[in-house]
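A structural walkthrough
Residues per chain are reported as follows:
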Amino acid sequence: MNSSHTAESNAQDQKSKEPVFRTEDLNIYYGDFLAVRGVSMEIQPRKITAFIGPSGCGKSTLLRCFNRLNDLIPSFHLKGKAYYHDQDLFADDVDPVAVRRRIGMVFQQPNPFPKSIYNNIAYGARVTGMQIDDMDELVEKSLRQAALWDEVKDKLGANGLSLSGGQQQRLCIARAISTTPDVILMDEPCSSLDPISTLKVEDLLQELTNDYTIVIVTHNMQQATRVADETAFFNAEASDDGKRYGFLVEYGPTERIFSQPQEESTQRYVSGRFG
Amino acid sequence: MTSHSQADSRQPDQNAKNITRKKGSRQSLGETAWTVVAGLCLLTALVPLFLVIAYVLVQGFSRLDVAAFTRLPPPPLSANEGGFANALAGTLIMVAIGALISVPFGVLAAIYLAEFSSGQIPRWIRFATNVLSGVPSILMGVFIYGLLVLPFFGFSAIAGGAALAVLMLPIIVRTTDESLQIVPQSVRWASLGMGASKFQTVLRVVLPAALPAIATGLTLAVARAAGETAPLIFTALFAQYWTDDLLSPIASLSVLVYNFAAVPYENQRELAWAASLILVLIVLLTSILSRWATRKQVY
């Protein structure tokens, strides 16, 4: 009994050390335009990984590869490999819809559905066909996890768009976790929020990291130091034909990236001297 | 020298701090003049509208009695004042047939255009739709005359409804297409990001969000069709009596106005005015309905 438990938790440990995402020399194109070049990295489970770097360095583009959302852009294509738990994300037999059910996303602009707060949360369970015995419970649990429950519990029927920007973004986070995904991708989730809402969201991230793997794109370096376990610094440079492409400069524990960066451009960026 | 030029350059600065309104300056005169011109143009544009509504009201209101809604059109010179009961029913029936045909096709075509098409195809379909909406309505009548009236049905409610459907189709496609495009892309991404399929996204998120705007387009299309005369002359013709099947000629308000407005018989002319008033009221009512629908719009 005891030993089996240990074996199980060992297996759990073993499994939890496997990277959630792994990319090998990933090149991302929009049409002929090379947006991101040669990214090879691993994203660790149950950690917060931050992508930082100047505008136009392909952070968001790379992030949207992880849940196949770039597929929606007609000119998008890529070379190289991206794996999700050792499955090739872009293999022919991979269903992007199934990918997105496992990998939730929070966008830069809060984008609640023009539906009631309740239905915003219930939407994911309904469209993914989750077997839910008690939808009310799921709604409450998700809103509590997103630290929004107390503010909206008396107006669950109100339209999600009637909330303030910060509340809307937490509603979007609640929506993303309602389907208990494996990973949550966040594309500058705080860029349109005021400092108080930002802090609430950051607190929330810390709590979510017990259950979820989180990848967050941010322009705010303080935010990266506050929330991220791992940080990846991206930069952009002009190729021979004058077009700018993004690439991964340096990737490691947040503390090391900020205190002892190996690359000079990282050093310059994190000390605020450019970008 | 230096100090002198400095004093000079300070001079305009002093003026720049003056923020009181200067009467009679070129700028303020021009502003007044253009405001007056624009106001006059606005009045000129509104005059025909008010004249039409006022005149139709004055002429038509006196004959707007119970008989008008219950009786059949009168023969010329008869003491019987008559009514346009069959024409009102005919208009409603044909608009209903037209909507029944054009709404499903139009809305689904627009959904395809806005949500599922890609490449050059949607551009050409939109272009064709615009051309179709510019085609004179009398051609719609001739088209259905050649397509349905001559070979199959004869003059009939079905043919009339079909002509109205062709007329409504481009309006419905265009307004629905525009309504769907107004829904922000980010909401579609949110839904797809939740693991919804494209179909679920359109059905559960995009369509509900666009529904008020779509409803507005539909009511405007109905209003337009209800007032059309030319397509019905070639397809539905007219009937003095009640029509009990959809395959016989049928009366309509607009054709009744067309038939009765220019005759020398007072009783028929009065009825034409009353029917015109009803047509104006139908357009007014649908416009108010569409306004009401738009109020609920989210985007």
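Nothing here was measured: the structure is a model prediction, and the numbers come from that model.

**Let's talk about the overall build of chain B**
- Scanning chain B for helices and strands turns up 12 helices and 0 strands.
- From first element to last, N terminus to C terminus, chain B shows the α and β order α-α-α-α-α-α-α-α-α-α-α-α.
- Taking the principal axes of its C-alpha atoms as reference, chain B extends roughly 100 × 60 × 30 Å.
- Counting all 299 residues of chain B, 40% fall into the buried class.
- Contacts spanning at least 24 positions in sequence make up 71% of the contacts within chain B whose residues lie at least 6 apart.

**Observations regarding the UniProt feature "domain: ABC transporter" (unreviewed entry) in chain A**
- The UniProt record marks residues 21–261 of chain A with the feature "domain: ABC transporter" (unreviewed entry), using the residue numbering of this structure.
- Secondary structure over residues 21–261 of chain A splits into 34% helix and 29% strand, and the C-alpha atoms at its two ends are 23 Å apart.

**Comments concerning the environment of Leu 77 of chain B**
Residues and elements named next belong to chain B.
- Note on placement: Leu 77 falls in the loop between α3 (66–70) and α4 (85–116).
- Separated by 187 residues in sequence, Leu 77 and Pro 264 place their C-alpha atoms 9.3 Å apart.
- When neighbours within four sequence positions are excluded, Leu 77 is seen to be in contact with Tyr 265 and Asn 267.

**Observations concerning the sheet that holds strand β5 (residues 87–88) of chain A**
Residues and elements named next belong to chain A.
- The 10 strands are arranged β5-β4-β1-β2-β10-β9-β3-β8-β7-β6 in an open sheet whose pairing can be described as mixed. One side of each edge strand has no neighbouring strand; the edge strands of this open sheet are β5 and β6 (103–106).
- In the sheet, strand β7 (residues 183–187) pairs with strand β8 (residues 213–217) via 5 bridges, with the strands oriented parallel. Bridge assignment links Asp 187 to a residue of β8, and that residue is Val 217.
- Lying over the sheet, helix α8 (residues 195–208) contacts β3 (48–52), β7 and β8, oriented at roughly 150 degrees with respect to β8.

**What to know about the pattern of salt bridges**
- This model, assessed by the stated rule, comprises 16 salt bridges over all chains.
- The residue Lys 153 of chain A makes a salt bridge to Asp 150 of chain A at a minimum N-O spacing of 3.8 Å.
- The class for Lys 153 of chain A is partly exposed, based on a relative accessible area of 39%.
- Of the charged contacts, one joins Glu 266 of chain B and Arg 269 of chain B as a salt bridge, the two residues approaching to 3.0 Å between their closest N and O atoms. Taken as a pair, Glu 266 of chain B and Arg 269 of chain B lie in helix α12 (residues 266–295) at a separation of 3 residues, close to a single helical turn.

**Some words on the interface of chain A and chain B**
- Across the boundary between the two partners, chain A contributes 27 residues, which contact 18 residues of chain B.
- Elements supplying a minimum of two residues to the side of chain A that touches chain B: α3 (96–102), β6, α4 (117–127) and α7 (165–178) of chain A.
- With 4 residues, the top contributor of residues to the side of chain A that touches chain B is α4 of chain A.
- Among the residues making up the side of chain A that touches chain B, the classes are represented as 14 nonpolar, 7 polar and 6 charged.

**Re the UniProt feature "transmembrane region" (unreviewed entry) in chain B**
- Mapped onto this numbering, the UniProt entry gives "transmembrane region" (unreviewed entry) at residues 32–58, 84–112, 124–146, 152–173, 202–226 and 272–293 of chain B.
- Secondary structure across residues 84–112 of chain B comprises 97% helix and 0% strand; the distance between its end C-alpha atoms is 41 Å.

**What about a negative patch on the surface?**
- A contiguous patch of negative charge, built from Asp 133, Asp 134, Asp 136 and Glu 137 of chain A, is present on the exposed surface.
- Position of Asp 134 of chain A relative to the elements: it lies in the loop between α4 and α5 (135–145).

**Quick word on a nonpolar patch on the surface**
Residue and element names in this part refer to chain B.
- Among the surface-exposed residues, Leu 42, Leu 46, Leu 49, Phe 50, Val 52, Ile 53, Leu 57, Val 58 and Phe 61 lie close enough to one another that they form a single nonpolar patch of about 850 Å² accessible area.
- Residue placement: Val 52 occurs in helix α2 (residues 26–61).
- According to the relative accessible area criterion, Val 52 is partly exposed, its value standing at 47%.

**Description of unusual backbone geometry**
Residue and element names in this part refer to chain A.
- Of note, Asp 25 is a non-glycine position whose phi angle comes to about 45 degrees, a positive value.
- Tracing the backbone through its elements, the reader meets Asp 25 in strand β1 (residues 21–30).
- Positive phi, normally seen in glycine, also occurs at Arg 46, with a value near 50 degrees.
- A relative accessible area of 43% means that Arg 46 is categorised as partly exposed.

**Points about the nonpolar core**
All names here are of chain A.
- Counting residues in hydrophobic clusters, the biggest one holds 48 residues, and the most contacted among them are Leu 143, Ile 184, Met 186, Leu 208 and Ile 214.
- Those residues in contact with Leu 143 that lie beyond four places of it in its chain are Ile 117, Ile 121, Leu 148, Trp 149, Val 152, Leu 156, Leu 171 and Ala 174.
- If you look at the next biggest cluster of nonpolar residues, it comprises 44 residues, including Cys 65, Phe 66, Ile 103 and Phe 107.

**Notes on helix α6 (residues 137–153) of chain B**
Residues and elements named next belong to chain B.
- Between the first and last C-alpha of α6 there are merely 20 Å, a value that for 17 residues lags more than 12% behind the 24 Å anticipated at 1.5 Å per step.
- Of all the residues in α6, the buried ones are Ser 137, Met 140, Gly 141, Ile 144, Leu 148 and Val 149.
- Contacts made by the buried residues of α6 are with α5 (121–134), α7 (157–182) and α10 (230–233).
- Of the residues one or two after α6, Gly 154 is the one with positive phi, at around 70 degrees.

What counts, and at which threshold
- Residues numbered from 1 in each chain as written.
- Chains lettered and ligands numbered in written order.
- Predicted model: local features only at pLDDT ≥ 70, side-chain atom pairs only at ≥ 80, totals over all residues.
- Heavy atoms only, no water.
- Helix = DSSP H or I, 4+ residues; strand = E, 2+ residues; numbered from the N terminus.
- Buried < 20%, exposed > 50% of the residue type's maximum accessible area, 1.4 Å probe, protein only.
- Contact = heavy atoms within 4.5 Å.
- UniProt positions renumbered as here; feature names shortened; annotations may be inferred.
- Pairing = 2+ DSSP bridges.
- Axes fitted to C-alpha atoms, helices over the stretch in contact; angles between N-to-C directions.
- Salt bridge = Lys/Arg side-chain N within 4 Å of Asp/Glu carboxyl O.
- Nonpolar A, V, L, I, M, F, W, Y, C, P; charged D, E, K, R; others polar.
- Patch = residues over 30% accessible without salt bridge, like charges linked within 9 Å, V, L, I, M, F, W, Y side chains within 5 Å.
- Areas by Shrake-Rupley, 256 points an atom, 1.4 Å probe, with all protein chains shown as cover.
- Lys, Arg positive; Asp, Glu negative; His and termini not counted.
- Charge placed at Lys NZ, Arg CZ, Asp CG, Glu CD.
- Core = buried A, V, L, I, M, F, W, Y, C linked by side-chain atoms within 4.5 Å.
- Expected span 1.5 Å × (residues − 1).

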